Amino acid sequence: MTEDNGPHELSFQPRLFTNASNKKTVTIAELYKQMKKLSKELNGLEQETVDTQSLNAVTKQLIAPSLLEHKESGVVSYVSCCIADILRLYAPEAPYGDDEIKHIFNVFIDQLQLLGDSTSQFFPLREYLLTSLATVRTPALVAMLPDADDIISRFFTVLIGVVKPSLAHNIQMQILDILQQLLEEPKTVPQDVIDIILFQFMKKRQQENPAAHQLASDLANAASDVLQKYIYQYFNDVIVSTAQQRSGQTRQQQADTENQRRDRNSIGSGGSLEDLRTAHFLILELNKSAPGTLLNVIPQVEEELGVEDVDIRVLATSALGEMFAEKGFTLAKRYESTWKTWKGRRADSSPLVRMQWVEHAVSLYQHQPQLSRELNDYIVEKLCDVDEKVRQATCRSLGVLEMTQVVQAAIGENVIEMLGERCKDRRAAVRSDAIIALANIYSQIYDELEQGSIVAQRKWGGIPSKIFMLRFINDPDIDSKVESILTGAILNFAKIKDDRSRCHRLLVVFSSLSRKARAGFFGYMQRQHEIIKLTDAFLTLCEAQGQNGATADAEGANDLMMRKLTVDISARFPEKAKMESALTQMAGLRDSEVYKGLRATMNAENDIKTVRKCQKSALKKLSSLAPNILDTTAPLWKCVGLTTINRVLVPFLIEYVSSPATLALEQSMNESQADLGGTSGLLLEYITRVFPEMLQSYKIELFDVAELRSDAVVAVEDRLALLVKFAKAIPGGVPRSDELESQLASFVRSGVSVRQAKYAAYLVTQIEGSEALCATLVGDTVDNLDNAHIEQRAPAFAALSRFAQHAPAAFATYAERVSAFLIQTVLMGNFSAQDDSADNMDDDGGSSDEWVERSRLDDAALSKVYAVKILTNWLVGMDLQSVTRDRAQSVVGTLRQLVRSSGEMQQDGVTAPGTRLHLQLTAASCMLKVSSVKQFRDLLSPADIESLALIMQNPCFEVRSAFMLEKLLPMLVGWRLHVRFIPVVFLAAHDPEASLRDNVRHVVQLRLSQIRPSPGSPSVVEDSLVRLLYMLAFHPDWNDEQMVDTLEVFARYIEYYITCVCSSQNVSLLFCYAGEIKAYRARADAVSRMGQAPETYTRRLYVVSELAQYLLREKSASANWPVNVYPGKLALPSDIFVPVEAQEARGGAQVYLDAEFIQRRSKAPASARAGGVGAAAGKRGRARAPTAAAKRAKGPVAGKQAAKGKAKDDSDAEDVEMSSGDDESDEDAE
């Protein structure tokens, strides 16, 4: 060793070999001793102060093969550490030649491969070796070698393979440092190294060794400048190779190549589509971990968007979509051209590309909301895409969004509107995903809606309305889907544990619904009720199977009924044939446990918990008996399960509807929820109408007298209305108590309001043993009829109208006296003749026929209205055995006069126009009520029905609408009127309001067309064609002198009928019906009343017969329907037709339809003919006034009136299904 301030020499000269040839080492023990001492001294030497000449001997000895390839790995570890120190001390020059360096580094790599064994006694030596290489940057020597690729590749393979999650962090950092040196020092990086790095980003590799993936990510970020060109080249090779290969292959060849590629495990740079998929996956992973390496790759992917190969465009669209969505890195801002090009793929010719585009575009709401705002219109565009799969993909993508505040702000209202439209898509899959998407969105937004967020309410509050309005489509698939999500995402009852909270959510959801949507909600509940009734009958037959003592005829009848029920039930669900087969199989199980479970599921007396328990138990048993029908019958089990409307909700609904509870509730909640009391009242009304047994247990709370003593008149009226519905639903259900009777009697006597009086009177009549009280109240009321000091008579008249029908014995004593007073004094006398004229004057002093709401009618006008009701109800309520024909004719005569004279009893009457409208409407409604009683059906002649039909052409929309939608249609749907009234509904053809025409068509198609007198027979609306043609022949608008114009007008009635009724299945039947008329003529009594020659009306009948056949042929031709000869024999109704004699029948061959009409119609455009129904009426703005009423029709309805008509919600058609048309329920909205 030299002096302290001079160079340091290696003092220890180890004896490592037994001779000078260096081929044989000393003993292993001695060798370890010598190597340990040498390593220690070399470790202590510093590069700046060492005398390298003192190292010459050791330097040569250490690279002897007998040491580098020693069988003891520990010896090699010491040797490696010593050589590493030698290289450190000689740096930057190495004391070895190229071949020696290669050998040394291969030994180093072998030692580093053992780093994974941290328990080895030589682990510290290997760690020291790693540290030395990283610190001294020794790998730079490798970069200087002429053929270093293999060694560099080995370094990457071994060092990355060593990395495990359990490996110390400092060791991983040193490995990273070495690998980075190996990338930065060489002039070129071997392709194998790039493959090794990229391999760490493969999905499987990430799962197997996340530490290696992290190391590769860190390395790619650290050396991104170096790797950019190599990664670009790799992807370029894959893209170009794939494009070239696929451009020269057939589809089959491409598939074969794909199969071969899947058999290989390397990522390679071949030309298969699978290679390309791998490449795009790696691009995505690099974008997440090391986006700096993709500087030149992004433009490559952009170019892929425009290639001809669809598969490549799909991959590129998907990859860029995910990259744009990557958080924390706004790729769209850095590559604006790529962003613009990618947005253009929304209009790609391939639906596969458009699907990929929209899925990733929607995901931007979640990940890059600042970008998604400019995509709203494009997403709406994809919701309307011509390809159903694109529409479905859009709906599905929207349905899986997490609705954070940011996402809510990003989604445009137009997107939600169009998503709602997709719920009505023509494709079932699209509809299903759209409904689910809306429901999922609403479920996430609900808390904000409940808290009263105005912004949330404006944007998202209409979702339930969109869903429940789907009921109007009447599609079994849609209905089943809505039922499946109703208690799930919408009401979320499964996750809500207490019944009060369930009730509150139901009220919040229901209160947010529009009027039409509420009708839709009740429509779904009504559908449930109907299916429950059918299912109950089905179960009864199932349980009756195989009973002892049943005759063969009885069993045959049961089998026939079973088949009919299975058909009726399955027709209400998707996959009708499968459901029918499943029900048949269920019936064949003869398992009482399944039947009892299904019956318990729809038992209105069970609570939600019981319903679910029974359903679960029955389904478990069914799965063991017939697992193949579980999925098919699942919609039925969901539909009939009473979990939405359930008896456990009733007490809370009663609390909400109670005045004090409602007041407290309104003080503690936001304005949007303040009407939950009124909402609960609507739900209770529905329950009383459909599931009244749910209220049986809560009669005490329902009839709480304290609630009837409130000072809030309207609240008391609503409570009484609810009690009336309960009493109607459950005869004898009104509890008897002195306190209740006293309160109801005070309402009858007080005369505070019409509604209080009439509802209270009805409730009194329903109390058991209330005959004496009824007699007293009737007597007191009658005695005060002519009392001049009474300010209001209408409440007393309203009460008497209820007593007359429901307490006829009490009313009978005063019947003659009351009848005479009503007709002579109220209706015909000068009973406050100027009652409401002040409210019905134009600005110039002229009288107006504009409608006046009933709430604006004064007491005198209301008294007249209820006078008509008293007379009618007296007739209807009387014991039929004691009714004389004269008395019945007297009442019907009064009603007939009011209908035909537009609400006036005398020719010189001075009743105000507004009052006349109400009187005419009331009289028409009462004529229907009288006709609904079987014994009085014949009192109305065909002429009376024609008079009622002209109500549908009244100039006042409110009269037409109320008569049609609130009276006539509900009574027809409920089978309460004879089929001869059905033709009246088709006189809506000329109504100027499209909503009324649409509502009539809706009810005809969905309700009336389902009614058949017997299985297999024509429906009642099909039978009604001849009655309609008869009615048209006697219509006062018929003008023989202007035949062509008349035919054009009357053709619209028949066209409207065809639109509502005709189909390819029944066109032959209808054609035959129309032709059969020419073998009949009108009855003589019908012709004689018209005052013209019988031949005139016979000719008119034959004209409309041919007109109907002509229009049916025209429709068949446009729709490509065959018109075949109907095989059955038809007979026309004998009440209006009589067959002609054989000689007269020969005249039926004559042509009666005007040739000029045919010629003019044939020249008209098809679109004009198809759109004729209601078109002319729409231009007039009012119903077409009959000739007989021409003097009363004073031109178009005023703008205000027309606006009121158009403002009517078109949900009235669904209201028909819920309305009963009863006198007790017709004025609840007064």
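No experiment lies behind these values; they were computed from the predicted model shown.

## Quick word on the overall build of the protein chain
When helices and strands are tallied, the protein chain shows 66 helices and two strands. In the protein chain, 76% of the contacts between residues at least 6 apart in sequence involve partners at least 24 apart. For the protein chain, the exposed surface amounts to about 52,500 Å²; the carbon and sulfur share of it is 49%.

## A short note on the UniProt feature "coiled-coil region" (unreviewed entry) in the protein chain
Mapped onto the present numbering, the UniProt feature "coiled-coil region" (unreviewed entry) falls at residues 28–55. Between the first and last C-alpha atoms of residues 28–55 the distance is 23 Å; the span itself is 61% helix and 0% strand.

## Some words on the confidence of the model for the protein chain
Averaged over the protein chain, the pLDDT score is 85; the fraction of residues at 70 or greater is 87%. Confidence, read as mean pLDDT per element, is least for helix α64 (residues 1175–1180) in the protein chain (36) and greatest for helix α23 (residues 388–399) (96). Every residue in residues 833–848 scores below 50 in pLDDT, and together they form 28 contacts with partners more than four places removed in sequence or on other chains.

## Focus on the pattern of salt bridges
Going through the model one piece at a time under the given rule, you end up with 54 salt bridges. Between arginine 599 and glutamate 543 there is a salt bridge, with the nearest N and O atoms lying 2.9 Å from each other. In this pair, arginine 599 sits in helix α34 (residues 592–601) while glutamate 543 sits in helix α31 (residues 515–544), placing the two residues 56 residues apart along the sequence. For arginine 599, a relative accessible area of 24% corresponds to the partly exposed category. Judged by its relative accessible area of 36%, glutamate 543 falls in the partly exposed class.

## Some words on unusual backbone geometry
Residues alanine 91 and proline 92 are joined by a peptide bond in cis, for which omega reads 10 degrees. Tracing the sequence through the fold places proline 92 in the loop between α4 (73–90) and α5 (98–112). Non-glycine residue glutamate 575 carries a positive phi angle of around 55 degrees. Within the secondary structure, glutamate 575 is located in the loop between α32 (552–570) and α33 (576–589).

## So, helix α43 (residues 738–750)
The end-to-end C-alpha separation of α43 is 18 Å, in line with the 18 Å expected for 13 residues at 1.5 Å each. All of the buried residues along α43 are Leu740, Glu741, Gln743, Leu744, Ala745, Phe747 and Val748. Each element contacted by the buried residues of α43 is listed here: α41 (705–708), α42 (713–729), α44 (754–765), α45 (771–783) and α46 (794–806). Following α43 by one or two positions, glycine 751 adopts a phi angle in the positive range, close to 70 degrees.

## Focus: the packing of aromatic side chains
In this description, an aromatic ring pair is defined by two values, namely the gap between the centres and the angle between the planes. Tallied over the full model, the rule gives 30 aromatic pairs. With 6.4 Å between their ring centres and 65 degrees between their planes, tryptophan 357 and tyrosine 378 make a pair best called edge-to-face. Here tryptophan 357, found in helix α20 (residues 351–367), pairs with tyrosine 378, found in helix α22 (residues 376–383); they are 21 residues apart in sequence, far enough to count as distant. For tryptophan 357, a relative accessible area of 0% puts it in the buried group. For tyrosine 378, a relative accessible area of 22% corresponds to the partly exposed category. Through a chain of ring-to-ring contacts, the aromatic side chains of Phe468, Phe510, Phe521, Phe522, Tyr524 and Tyr686 assemble into a single cluster. Its guanidinium or amino end placed over the ring of tyrosine 378, arginine 346 lies 3.7 Å from that ring's centre, counting from NZ or CZ. Over the ring of tyrosine 524 we find arginine 471, and its NZ or CZ is 5.8 Å from the ring centre.

## Considering empty space enclosed by the protein
A probe as big as a water molecule, rolled over the atoms, marks out the empty space that is left. The tally for this structure, following the rule as stated, stands at two cavities of 30 Å³ or more. Empty space within the largest cavity amounts to approximately 100 Å³. In terms of lining residues, the largest cavity is bounded by Pro942, Ile945, Glu946, Arg980, Pro983, Arg1027, Tyr1030, Met1031, Asp1135 and Ile1136. Among the elements of the structure, α52 (942–949) and α56 (1025–1033) are those that each provide at least two residues to the lining of the largest cavity. Across the lining of the largest cavity, the residue classes tally to six nonpolar, no polar and four charged.

## Quick notes on a negative patch on the surface
Together, Asp147, Asp149, Asp150 and Asp192 make up a region of like negative charge exposed at the surface. Within the element layout of this structure, aspartate 147 appears in the loop between α7 (140–143) and α8 (149–162). Relative accessible area serves as the criterion here: at 54%, aspartate 147 is assigned to the exposed category.

## Brief notes about the environment of valine 567
Relative to the helices and strands, valine 567 resides in helix α32. Owing to a relative accessible area of 31%, valine 567 belongs among the partly exposed residues under this scheme. Counting along the chain gives 14 residues from valine 567 to serine 581, while the straight-line C-alpha distance between them is 9.6 Å. Those residues in contact with valine 567 that sit more than four places away from it in its chain are Lys576 and Glu580.

## Side note on the environment of phenylalanine 1050
Within the secondary structure, phenylalanine 1050 sits in helix α57 (residues 1043–1061). Along the sequence, phenylalanine 1050 and leucine 1032 sit 18 residues apart, while their C-alpha atoms lie 7.4 Å from each other. Ignoring anything within four residues of it in the chain, the contact list for phenylalanine 1050 reads Leu1032, His1035, Asp1037, Trp1038 and Leu1107.

## A look at helix α1 (residues 28–44)
With 17 residues, α1 extends 24 Å from end C-alpha to end C-alpha; this agrees with the ideal 24 Å at 1.5 Å per step. Within α1, the full set of buried residues consists of Leu31, Tyr32, Gln34, Met35, Leu38, Ser39, Glu41 and Leu42. Looking at the buried side of α1, the elements it contacts are α2 (56–62), α3 (65–68) and α4.

## Section: the side chain of serine 39
Within the secondary structure layout, serine 39 lies in helix α1. We classify serine 39 as buried; its relative accessible area is 11%. In contact with serine 39, other than residues within four places in its own chain, are Tyr78, Cys81, Cys82 and Asp85.

## Overview of the environment of leucine 928
Inspection of the secondary structure assignment puts leucine 928 in helix α51 (residues 913–931). Linking leucine 928 and phenylalanine 981, residues 53 residues apart in sequence, is a C-alpha distance of 9.1 Å. Those residues in contact with leucine 928 that lie beyond four places of it in its chain are Leu948, Phe963, Lys967, Leu968, Met971, Leu977 and Phe981.

## Examining the packing of helix α50 (residues 885–900) against α51
In contact at an axis separation of 8 Å, α50 and α51 are set at 140 degrees when each is read in the N-to-C sense. Taken together, the axes of α50 and α51 are oblique relative to one another. Once α50 is placed against α51, the crossing between them reads as left-handed. The residues of α51 that touch α50, namely those facing Val892, Leu895, Arg896, Leu898 and Val899, are Gln920, Ala923, Ala924, Cys926, Met927 and Val930.

## A few points about the packing of α57 against helix α60 (residues 1094–1119)
For the pair α57 and α60, interaxial distance at closest approach is 10 Å and the crossing angle is 55 degrees. The orientation of α57 with respect to α60, classified from their angle, is oblique. For α57 against α60, the interelement crossing comes out right-handed. Contacts from Leu1047, Phe1050, Ala1051, Ile1054, Glu1055 and Ile1058 in α57 reach Val1103, Val1104, Leu1107, Ala1108, Leu1111, Leu1112, Glu1114 and Lys1115 in α60. Here the residues of the contact of α57 with α60 are counted per class, giving eleven nonpolar, no polar and three charged.

Procedures and definitions
- Residues numbered from 1 in each chain as written.
- Predicted model: local features only at pLDDT ≥ 70, side-chain atom pairs only at ≥ 80, totals over all residues.
- Heavy atoms only, no water.
- Helix = DSSP H or I, 4+ residues; strand = E, 2+ residues; numbered from the N terminus.
- Contact = heavy atoms within 4.5 Å.
- Areas by Shrake-Rupley, 256 points an atom, 1.4 Å probe, with all protein chains shown as cover.
- UniProt positions renumbered as here; feature names shortened; annotations may be inferred.
- pLDDT = per-residue confidence, 0-100.
- Salt bridge = Lys/Arg side-chain N within 4 Å of Asp/Glu carboxyl O.
- Buried < 20%, exposed > 50% of the residue type's maximum accessible area, 1.4 Å probe, protein only.
- Expected span 1.5 Å × (residues − 1).
- Phe/Tyr/Trp six-rings, centres within 6.5 Å; stacked < 30°, edge-to-face > 60°.
- Lys NZ or Arg CZ within 6 Å of the ring centre and 35° of its normal.
- 1 Å grid on protein atoms, 1.4 Å probe; cavity = no way out; pocket = protein on both sides within 12 Å on 5 of 7 lines; lining within 4 Å.
- Points joined across faces, edges and corners; volume = space filled by probe spheres on them.
- Nonpolar A, V, L, I, M, F, W, Y, C, P; charged D, E, K, R; others polar.
- Patch = residues over 30% accessible without salt bridge, like charges linked within 9 Å, V, L, I, M, F, W, Y side chains within 5 Å.
- Lys, Arg positive; Asp, Glu negative; His and termini not counted.
- Charge placed at Lys NZ, Arg CZ, Asp CG, Glu CD.
- Axes fitted to C-alpha atoms, helices over the stretch in contact; angles between N-to-C directions.
- Parallel < 35°, antiparallel > 145°, perpendicular 65-115°, else oblique.
- Left-handed = near helix turned anticlockwise from the far one by under 90°.

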